[in-house]
Amino acid sequence: IQARDMSCVNPMNPKLGAFYQCYAQPKSCLRALGSFRYHYPSGKVKLVSDGGRDFRKAAECFGCDYEKAEKIGHRGMYFDTSEQLVKWLRRLGDACMNMNEEFVIILEDDVRILKPVVSGLNYILNGINPRALLGRELTAFLGRKNPNMPPCDDHPYGGCGGSILQRDFVVSKLRLGDPLSD
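Predicted, not measured: the structure shown is a model, and the values here were computed from it.

A. Expanded view of the pairing of strand β1 (residues 16-22). By the criterion of burial, β1 is predominantly enclosed, with 7 of the 7 residues buried. A two-sided burial pattern is seen for β1, the buried positions comprising Leu16, Ala18, Tyr20 and Cys22 on one face and Gly17, Phe19 and Gln21 on the other. As judged from the 5 bridges shared by β1 and strand β2 (residues 45-50), these two strands associate in the parallel manner. Bridge assignment links Ala18 to a residue of β2, and that residue is Val45. Running through helix α1 (residues 26-39), the crossover from β1 to the neighbouring parallel element β2 is right-handed.

B. Quick look at the pattern of salt bridges. Evaluated as defined, the whole model comprises 6 salt bridges. Put simply, Lys46 and Asp65 hold a salt bridge, and the shortest N to O gap is 3.6 Å. Taken together, the residues span a long stretch of sequence, with Lys46 in strand β2 and Asp65 in strand β3 (residues 65-69) at a distance of 19 residues. Using a relative accessible area of 14% as the deciding quantity, one classes Lys46 as buried.

C. The arrangement of the sheet that holds β3 in detail. Spatial ordering of the open sheet is given by β3-β2-β1-β4-β8-β5, a layout of 6 strands whose pairing is mixed. The strands lining the two open edges of the sheet, one partner per strand, are β3 and β5 (125-126). As paired strands, β1 and strand β4 (residues 103-107) are joined by 5 bridges and run parallel to one another. Bridge assignment links Phe19 to a residue of β4, and that residue is Ile106. Together, β1, β2, β3, β4 and β8 (164-166) form the strand contacts of helix α3 (residues 82-97), whose direction differs from that of β1 by roughly 145°.

D. Summary view of the packing of aromatic side chains. Scanning the model with the defined rule gives 2 aromatic pairs in all. Where Phe36 meets Tyr40, the ring centres are 5.3 Å apart and the plane angle is 25°; that geometry is what we call stacked. Accessibility expressed as a relative area gives 0% for Phe36, which makes it buried. Relative accessible area serves as the criterion here: at 9%, Tyr40 is assigned to the buried category.

E. Geometry of the pairing of β2. Burial of β2 is extensive: 6 of the 6 residues sit out of reach of the surface. Burial along β2 is two-sided: the face carrying Val45, Leu47 and Ser49 and the face carrying Lys46, Val48 and Asp50 are both buried. In this structure, β2 lies alongside β3, joined through 5 bridges in parallel fashion. When the bridges of β3 are listed, Asp50 appears paired with Ala69. Remark: the β2/helix α2 (residues 56-62)/β3 crossover connection has right-handed handedness.

F. Spotlight on α3. For α3, with 16 residues, the first-to-last C-alpha span of 22 Å sits near the 22 Å given by 1.5 Å per residue. Every buried residue of α3 is accounted for by Gln84, Val86, Trp88, Leu89, Arg91, Leu92, Gly93, Ala95 and Cys96.

How each quantity is defined
- Residues numbered from 1 in each chain as written.
- Predicted model: local features only at pLDDT ≥ 70, side-chain atom pairs only at ≥ 80, totals over all residues.
- Heavy atoms only, no water.
- Buried < 20%, exposed > 50% of the residue type's maximum accessible area, 1.4 Å probe, protein only.
- Helix = DSSP H or I, 4+ residues; strand = E, 2+ residues; numbered from the N terminus.
- Pairing = 2+ DSSP bridges.
- Right-handed = clockwise from strand over helix to strand, strands pointing away.
- Salt bridge = Lys/Arg side-chain N within 4 Å of Asp/Glu carboxyl O.
- Contact = heavy atoms within 4.5 Å.
- Axes fitted to C-alpha atoms, helices over the stretch in contact; angles between N-to-C directions.
- Phe/Tyr/Trp six-rings, centres within 6.5 Å; stacked < 30°, edge-to-face > 60°.
- Expected span 1.5 Å × (residues − 1).

Here's what the structure looks like:
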């Protein structure tokens, strides 16, 4: 994802909020939220139970905005249909619209914040995993759709747990309508 004008962001002290869609792992939820709160005690957190257990007490304990919602996917961030993905993106977008932080981290059950982020937030999406590959067919498809995409046989991806997004970008895309339109 392309770099944006980040002149208004202080990369040495980014303001970080969090979006966390949980299901049925209370101990993991507590550890993930605890690690975030240790380093970002005032960062806004949106905690969504995706058709799973009631995490209201965890939300109260860690000062989260909580919602128990209808299940949209069959497992975590794996989606069977584009409609399920759009619903998840809308949840993320709604959370971002209610935050003031410059960046939003995607928390998941296995994400732990070991130290505060002090630099390197130079992109809209920060946190590409070079070992997680899209596959040759999808890479070729995306290359045909986006001629500005750097040439590559098998492109790495990110955007899952631990990735950090520029909040304003997410909000602006949702204001345009369908988050998958471009």
